[in-house]
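Architecture at a glance
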Amino acid sequence: MVEEQASDQSAIPEEDNFKAMFEASLKEEHSLKKGESIRGVVVAISDENVIMDIGTKNEGIIPIAEFTSLAVAIPTVGSDIEAIVVSAGGSVRLSVLEEKRSELWAMVDTAITEGKTVRAKIISEVKGGFRVDLGGLQAFMPRSEVDTHAGMGADQLLDNTYDVSVLEATQQPSNIVVSRKQPLAIVAEAKRADFFASVHLGDKITGEVKRLADFGAFVDLGGIDALLHVSDMAWRRINHPSEMLSIGQSITAEVVKLNTETGKISISTKNLQQDPWEHVTATYDMDMRLTGTVRKLLDFGAVVELEAGVEGLIHRSEMSWTRQDVKPTEILAEGDVVDVAVLEVNADQRRIRLSLKEVAENPWQAWMTEHPEGSRVTGKIRNITDFGFFVGLADGLDGLVHIGNLSWTEAGEEVIQSYSKGQDIKCVVLGVDVAKQRIGLGIKQLSDDPFEVFISGVKRGASIKGKVTEIVSGAVWVELAEGVRARLALREVPKDHDTLKEGDEIEAKVIDVNRRRRQVDLSIRQFLNDEEREAVRQYSQSLVSKEEPSALALELQRKLLGKV
């Protein structure tokens, strides 16, 4: 009995000790808090976890995937590791990734407060910019914050690591915005200040072609960029910088612009080459025949390269003998090799006028040789205007039939109504103006001019008969023959003469013939006066010869004696 009691008493302290130890263990177990940083030793490694002794009853577990995501080697047994407590219930779940994130956030906060840069790897392109990795933290880089110059492509950025500035950062929700441009701008500004302090206009510098654009190339002069405009690359015409340069190429150029306010620098490789226009006056003369290459087509003409750096212009008016308003693109194409004639050379204004048509036969001259004035031609009416119509002739030439050359006897405005576009007609060549490229044609000239035919047999002073066709103010018009009218002024009609009416037959004397106005002037007064004088002459002759006077002489005698 005593032994049993003794054994029970001895057992009580052991139970108390175990209980105390268990409670102490639980107390120690629950002393771990989520988010607490602890250190431990790796005791084992499985396929999925790294197992650590962290000085508690339970071991700590870290997923191997966390080491992989951080791109660090999986630790070996015996390694000392610091981690963050993720969960302390049952197995203690630890995380090196959270530990790393805590360090990274501290780094981000320091970068913002102290203006420092952090290293960032550009991992993918997203809408509006790029996603970057700060060593475990994801951040966003706007496209506008990629570089100090626009145009840098994703292929040049992806998988590369750069120093970036942190523009803004929040942990909840997680959002970090970074800039590659900002640290680049700071460095570039310092280098630009040194450059402007040591380099002057006209200095020769060497740089590396960094980027090509349609308008030129950006050249790295040792941390700062200068623009080499396409017009400053060479004296010859260059359509794109890639014709002369390639990225990474080293070039030597002259500084031509320095703007301290904007920080812009312009350079020129052309200034280091001899100006080909210096020998233009000695090389090119008027009327020379040359061969060149069409480099550019404009609305008003074509630019032709005669040699590297020397170009001339063919104005659209010098492209064709027969097409007056031709578009250059209808005649030429860029790259065409053409023969041209030099019309003018002006080295001071760097201008050479060229002609394409002058190297070809002048069709106007050739046509005039084959069709002299007075020859007859046939063609179709191409266009009718208020002043006449154009007739299509051979070799693409046109001739003009003016309304004044349609009829000898009718008004041109009325006659032209009887013609239509496309109608075949015969014409007479009236003349060719080679300089003005004009051909004059006539239709009425196909027949004789009735006016000329008439007046060729009638002279001034002749007596003629006609019919009154029209009475106007101060005169009447008298038809002498078909197509021939004469003017009889009323002052040329005696006062005692019967009043004239349309249809009256009259006899009068021709007192004037005006070929330019195609007009004949008549006078009844002079006709009667001359008739009286002739009667007196005949009467006088009859008295001398004692011949019987004529009836007219007797009548005249009666009138004269009656007056006496």
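Preceding this paragraph is the structure being described.
These remarks concern the structure in this document. Note that the structure is a prediction, hence the values are computed from the model and not measured. (Residues numbered from 1 in each chain as written. Predicted model: local features only at pLDDT ≥ 70, side-chain atom pairs only at ≥ 80, totals over all residues. Heavy atoms only, no water.)

When its secondary structure is counted, the protein chain shows 12 helices and 30 strands. In the protein chain, buried positions account for 38% of the 564 residues. Across the protein chain, every contact between residues at least 6 apart in sequence was considered, and the portion connecting residues at least 24 apart equals 56%. Roughly 33200 Å² of accessible area belongs to the protein chain as shown, and the carbon and sulfur atoms make up 49% of that amount. (Helix = DSSP H or I, 4+ residues; strand = E, 2+ residues; numbered from the N terminus. Buried < 20%, exposed > 50% of the residue type's maximum accessible area, 1.4 Å probe, protein only. Contact = heavy atoms within 4.5 Å. Areas by Shrake-Rupley, 256 points an atom, 1.4 Å probe, with all protein chains shown as cover.)

In terms of burial, strand β27 (residues 475–481) is largely enclosed, as five of its seven residues are buried. Summarising the sheet, strand β26 (residues 463–472) and β27 pair through five bridges and their orientation is antiparallel. Bridge pairing in β27 places Val468 opposite Val478. As judged from the six bridges shared by β27 and strand β28 (residues 484–489), these two strands associate in the antiparallel manner. (Pairing = 2+ DSSP bridges.)

Now for the environment of Lys127. Assignment of secondary structure puts Lys127 in the loop between β6 (117–126) and β7 (129–133). Taking the relative accessible area as the measure of exposure, Lys127 reaches 83% and is therefore exposed. Through-space distance from the C-alpha of Lys127 to that of Arg143 is 9.0 Å; in sequence the pair is 16 residues apart.

Moving on, we get to the sheet that holds strand β18 (residues 310–315). Taking strand neighbours around the barrel as the criterion, the five strands line up as β16-β17-β18-β20-β19 in a closed arrangement whose pairing is mixed. Averaged over neighbouring strand pairs, the angle between their axes works out to 50 degrees when direction is ignored. In this sheet, strand β20 (residues 351–355) lies alongside strand β19 (residues 337–346) in antiparallel orientation, the contact comprising five bridges. What sits directly across from Ala341, in β20, is Ser355. (Axes fitted to C-alpha atoms, helices over the stretch in contact; angles between N-to-C directions.)

Ordered by their spatial adjacency, five strands build a closed barrel running β26-β27-β28-β30-β29, and the pairing between neighbours is mixed. On average, adjacent strands in this sheet sit at an angle of 50 degrees to one another, irrespective of strand direction. As judged from the five bridges shared by strand β29 (residues 505–514) and strand β30 (residues 519–523), these two strands associate in the antiparallel manner. Pairing of Lys509 across the sheet is with Ser523, part of β30.

Attention now moves to the side chain of Lys357. Its place among the elements puts Lys357 in the loop between β20 and α8 (363–370). Summary of buried charges: Lys357 has no salt-bridge partner, and the nearest side chain of opposite charge, Glu318, is 4.2 Å away. Those residues in contact with Lys357, other than ones at most four positions away along the chain, are Ser317, Glu318, Met319, Ser320, Trp321 and Gln437. (Lys, Arg positive; Asp, Glu negative; His and termini not counted. Salt bridge = Lys/Arg side-chain N within 4 Å of Asp/Glu carboxyl O.)

On to the packing of aromatic side chains. Tallied over the entire structure, the rule returns four aromatic pairs. With a centroid separation of 6.2 Å and 80 degrees between ring planes, the pair formed by Phe195 and Phe196 is classed as edge-to-face. A ring pair is formed by Phe215 and Phe218, whose centres lie 6.1 Å apart and whose planes are at 90 degrees; its orientation type is edge-to-face. Under the relative-accessibility criterion, Phe215 is labelled partly exposed at 40%. One residue, Arg180, lies across the ring of Tyr162, its end atom 4.4 Å from the ring centre. Directly above the aromatic system of Trp477 lies the positively charged group of Arg485, at a separation of 4.5 Å from the ring centroid. (Phe/Tyr/Trp six-rings, centres within 6.5 Å; stacked < 30°, edge-to-face > 60°. Lys NZ or Arg CZ within 6 Å of the ring centre and 35° of its normal.)

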